[in-house]
Amino acid sequence: VAVGRWMHACGLTQEGSAYCWGNNMRGELGATTTQVCGDADRDGMTFLRGACSTRPVAVATTQRFVRLALGAEHSCGVTAAGAV
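In this report, we go over the structure that sits alongside the text.

The rules behind the values
Residue numbers run consecutively from 1 along every chain, following the written order of its sequence. Confidence filtering applies because this is a predicted model: local features only for residues at pLDDT of at least 70, side-chain atom pairs given and counted only at 80 or more, and all residues used for totals across whole chains, interfaces and linings. The side-chain numbers reported here are obtained from all heavy atoms of the structure, hydrogens and water having been left aside. Here, a strand pair is defined by DSSP locating no fewer than two bridges between the strands. We count a stretch as a helix when DSSP gives it H or I for four or more residues in a row; a strand needs E for two or more, and each element gets its number in order from the N terminus.

Quick look at the pairing of strand E7 (residues 65-70)
- Relative to strand E8 (residues 75-79), E7 runs antiparallel, the two sharing five bridges. By the bridge assignment for E8, arginine 67 is matched with valine 78.
- In this structure, the hairpin formed by E7 and E8 is closed by a connection of four residues.

See the structure below:
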């Protein structure tokens with residue numbers, strides 16, 4: 001399991017399939033979702049409204065991954081062949 005800096009996380013199965021959950025405002029989940037997160041309020045400021053998933057969703061690819069790296073608004077995967 002890898003955790004992004006803001007509001008998303010991803011995990012790998014033993015077979016190398018990636019699943020992600022959380023905010024998908026910038027496509028971090030690698031899948032299309034239609035559920036919209038409610039506005040989050042922190043210190044009186046409204047921020048980050050976008051598609052989200054509270055359950056892991058499969059990343060839309062046939063690639064198999066060996067490693068994941070997540071940032072604030074992105075997710076990257078490395079395949080066994082070393083492709084990103």
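Overview of the pairing of strand E3 (residues 18-23)
- Sheet topology places strand E2 (residues 8-12) next to E3; five bridges connect them, and they run antiparallel. Across the sheet, histidine 8 pairs through a bridge with glycine 22, a residue of E3.
- Hairpin connection of E2 to E3: five residues between the antiparallel strands, including glycine 16 at a positive phi of 95 degrees.
- Note that E3 and strand E6 (residues 52-58) share four bridges and pair antiparallel. If you follow glycine 22 over to E6, its bridge partner there is serine 53.

Examining the sheet that holds strand E1 (residues 2-3)
- Taking strand neighbours across the sheet as the criterion, the four strands line up as E1-E2-E3-E6 in an open arrangement whose pairing is antiparallel. Unpaired on one side and paired on the other, E1 and E6 mark the two borders of the sheet.

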